[in-house]
Structure formats: C-alpha cells, structure tokens
Amino acid sequence: MEPSGSDRTGPDRSVRDRARLVRTAPIMGTVASIHVLGDAGGGPVDEREVQPAIDACFQELADLERIFSPFRADSDISRIRAGVLAPADADCRVAVVRGECEEAKRLTHGLFDAWHQGWFDPTGYVKGWATETAARHRLEPLLEMDGVDAVGIGVGGDVQLFTAQGSDWRWHVGIADPAAPGSVAATIEVRTGAVATSGIAERGSHIIDPRTGSPATTVASATVVADGLATADLWATTAVIAGFDDLSWTGAEGVRSGILISPSGEIRRWAGSIELARWQDPALTRPSR
C-alpha cells in the first residue's frame, strides 16, 4: 500500500505476490487510497464484490468532509463558527466529535485544544476520526469475504490497516525523512492498526501550541502507531506540541509505539511508555532550522 503523503506502506516480501485492488479519490484536500489484498497465491480480488464497499467508504468520507471542513463555507463547522447554525441544529456527528475533542483535551492536559482559536475547530482530530470511522463501517467487513486477506486506507499519509485472522500478512509503513522527500528514515510493521504522522516538514510551523499561542517547532516529524487512526492522529499532533524532549504522554491508552524526528535529524523511538533508542543518524544529520 502506498498512500499519498509522508507514509509509504508495502507488502511483506514473503507474500509479495498477492493480488491487490487499488482505488483512489480526492478527499479532504488530499488523495485517499483504498487497497484490498487477496489471499496468498490466490487469483485477482473480485472487483464486483468489493467495489460497493469502496464506493460507500469514499462517499462516507465525502459526507464527513461536507460536515466538518473548515475550508468550506457551507460546512456545519463553518456555519456554526459564522453564527448561522446552532450547534443543536447541526448534523448529529458534530456533537460526537465535539465530545471526542473535549475528551482529547482532558487526556492531553490541554496540549490538544480544538477551541484554542476561540471557536470550535476539530481540524487536528477529525481527519483521523473520519477515516477510521468510514474504514470500520465500510472496509473492515470485507475481511469476512472469501479471497480477501487485508484491506487498508490511506488519507494524506495517515493509514488505517486491517488484516484477516489467520493471515500471515504484515503491512510495512515507511516513515519519510522530513528533510529529504522520497527518502525513508524508518520502517514500521503493522498487522492491524493505524499509523499517523504530523509535524512541520511539509506544511511548515502550522501546529499551534495552545499554551503559548505560538507554533510548535521542536519536532519535524512525529509518527504514532495506535489501535485506531483517531487515536494515532490525536497523539501525533500532541507529540509535536509536547516537543521533542517530552515523552510523558506515550503510555496513553491505545497508543502502541512511535518515532520522533527533530529538525536537526535526531531520532527517538519508543514503545508503550519506554524509550527504545535515541540517536543522531549520520545519514539524517542536517543544520538546525
């Protein structure tokens, strides 16, 4: 699987001959890609069987974008901010995400705050939540079909991945060097779970620390592996705000492991609440900026 953005996902070499069906669609200002993998040594994936679920997943994502995009004047979120839509009259999923963001603020001790601009903006949370929600609704059930061994979706470089019980499939997610597009700094193996990456490498210092009102600048790339993409996306953003030297949050529920890369190329790799390694990779050394 090779979703657009900073992550690259590929097959285990021992099962590289599996049939793969790939579909893409423009979603949330980026490209979403869905990959359905067949049994090892089996024939092509039956497109007629899986395409309706793929179409439904893309449609659900488009519907969620219509509700939550802060870049669309007609979205529920934009209309609430403009004062022309009462929160009680919005789509019921707005209340769900609002509750999730309130809990995220509590769990992160305010490092994530969807209200830090003075209004409700769930941008830092809702993409991961929407992708995971649509994937669990529409794609995960495909594993019950004969001939389907794994299915995954990537949106803007963040991925939600599923593998059927009894399968030997492993997804390999490559983490890009934030200072060298096209180069891989590390690879993470995932059977079922999610991987999200946040940072300042691609979009600059766009993540605001709600404690100071200033951009967070000490993490070039934060990658988090979690049970679901809503959790992975939340804590990847939180990791950027917490800073390169702070791993106090890594034992959070649902969070498995991750990698931090500083603007100067220093790397920290951790699992659970334990730091596994911290090093300066000579291949990634670059001037601080």
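By convention here, each chain's residues receive numbers from 1 onward along its written sequence. Local features in this predicted model are restricted to residues whose pLDDT is 70 or higher, and side-chain atom pairs enter the listing and the counts only when it is 80 or higher, whereas totals over whole chains, interfaces and linings include all residues. Derived side-chain values reflect all non-hydrogen atoms in the structure, with water molecules and hydrogen atoms excluded from consideration.

**Thoughts on the overall build of the protein chain**
The helix and strand inventory of the protein chain stands at 5 helices and 14 strands. What the globule rule says is 2.2 Å times the number of residues to the power 0.38, and the radius of gyration is computed from C-alpha atoms. Taken over C-alpha atoms, the radius of gyration comes to 19 Å for the protein chain, in line with the 19 Å a tight globule of 289 residues would show. In terms of its C-alpha atoms, the protein chain occupies a principal-axis envelope of roughly 55 × 55 × 30 Å. Only protein chains enter the calculation, and the probe is 1.4 Å; a residue is then buried if its accessible area is under 20% of its type maximum, exposed if over 50%, and partly exposed in between. In the protein chain, buried positions account for 51% of the 289 residues. Residue contacts are counted whenever heavy atoms from the two residues lie within 4.5 Å of one another. Within the protein chain, contacts between residues at least 6 apart in sequence are counted, and of these 58% link residues at least 24 apart. Total accessible area on the protein chain is roughly 13000 Å²; 49% of this is exposed by carbon and sulfur atoms. Just so you know, the count uses Lys and Arg for positive and Asp and Glu for negative, and it drops His and the chain ends. Every charge is mapped onto a representative atom, which is NZ of Lys, CZ of Arg, CG of Asp or CD of Glu. Averaging the locations of the 28 positively and 40 negatively charged side chains of the protein chain gives two centres separated by 3 Å. Under the scheme used here, helices are H or I runs from DSSP no shorter than 4 residues and strands are E runs no shorter than 2 residues, and both carry numbers assigned from the N terminus. Surface accessibility follows the Shrake-Rupley procedure with a 1.4 Å probe radius. Residue values consider only the protein chains on display as shielding.

**Here's the deal with the packing of aromatic side chains**
The description of an aromatic ring pair uses the distance of the two centres, along with the angle that the planes make with each other. Ring pairs are drawn from Phe, Tyr and Trp, using the six-membered ring of Trp, whenever the two centres fall within 6.5 Å, and their geometry is named by plane angle: stacked under 30 degrees, edge-to-face over 60, tilted for the rest. Inspection of the entire model under this criterion finds 6 aromatic pairs. Ring geometry for Phe-112 and Tyr-125: centres 6.4 Å apart, planes at 55°, overall tilted. With Phe-112 in the loop between α3 (92-107) and α4 (123-139) and Tyr-125 in helix α4, this pair connects stretches of sequence that are 13 residues apart. Both residues of the pair, Phe-112 and Tyr-125, count as buried. Ring geometry for Trp-235 against Trp-249: centres 5.7 Å apart, planes inclined by 5°, an arrangement best described as stacked. Highlighted residues: Trp-235 in helix α5 (residues 229-242) and Trp-249 in the loop between α5 and β12 (255-261), separated in sequence by 14 residues. We note that Trp-235, like Trp-249, is buried. Pairwise contacts between aromatic rings join Trp-235, Trp-249 and Trp-270 into one cluster. Whether a charge sits over a ring depends on NZ of Lys or CZ of Arg being within 6 Å of the ring centre and within 35 degrees of the ring normal. Residue placement shows Arg-98 over the ring face of Phe-120; its charged tip is 5.3 Å from the ring centre. Sitting over the ring of Phe-244, Arg-268 keeps its end group 5.9 Å from the ring centre.

**Quick word on the nonpolar core**
Only buried Ala, Val, Leu, Ile, Met, Phe, Trp, Tyr and Cys residues count toward a nonpolar core, and they belong to the same one when joined by side-chain atoms within 4.5 Å. Core analysis: the biggest nonpolar cluster contains 68 residues, and Val-36, Phe-68 and Trp-129 have the highest contact counts within it. Of all the elements, α5 adds the most residues to this core, at 10 residues. In this structure, Trp-129 is in contact with Leu-64, Phe-68, Arg-93, Val-96, Val-97 and Ala-230, ignoring residues within four places of it in sequence. Counting 16 residues, the second-largest nonpolar core is a separate cluster that includes Val-159, Val-173, Ile-175 and Val-225.

**Quick word on the pattern of salt bridges**
The working definition used for a salt bridge is a side-chain nitrogen of Lys or Arg within 4 Å of a carboxyl oxygen of Asp or Glu. Taken as a whole and judged by the stated rule, the model has 22 salt bridges. Note that Asp-168 is salt-bridged to Arg-18, the shortest N-O span being 2.3 Å. Residue Asp-168 is found in the loop between β5 (158-163) and β6 (171-176), and its partner Arg-18 is found in the loop between β1 (7-11) and β2 (20-27); the two are separated by 150 residues along the sequence. By relative accessible area, which is 7% here, Arg-18 ends up buried.

**A short note on the environment of Thr-131**
Position of Thr-131 relative to the elements: it lies in helix α4. Under the relative-accessibility criterion, Thr-131 is labelled buried at 0%. In this structure the C-alpha to C-alpha distance between Thr-131 and His-109, which are 22 residues apart in sequence, comes to 25 Å.

**Some thoughts on the packing of helix α1 (residues 47-68) against α3**
Here α1 crosses α3 at 75°, and the two axes come no closer than 10 Å. In terms of axis orientation, α1 runs roughly perpendicular to α3. On the side of α1, the interface is formed by Asp-63, Leu-64, Arg-66, Ile-67 and Phe-68, while α3 contributes Arg-93, Val-94 and Val-97. Split by residue class, the contact of α1 with α3 holds 5 nonpolar, no polar and 3 charged. A fitted line through C-alpha atoms serves as each axis, taken over the contacting stretch for helices, and the angle formed by two N-to-C directions is quoted from 0 to 180°. Under this scheme an angle from 65 to 115 degrees is roughly perpendicular, one under 35 degrees roughly parallel, and one over 145 degrees roughly antiparallel; angles in between are oblique. In the scheme used here, Gly and all other residues not listed as nonpolar or charged are polar, with Ala, Val, Leu, Ile, Met, Phe, Trp, Tyr, Cys and Pro taken as nonpolar and Asp, Glu, Lys and Arg as charged.

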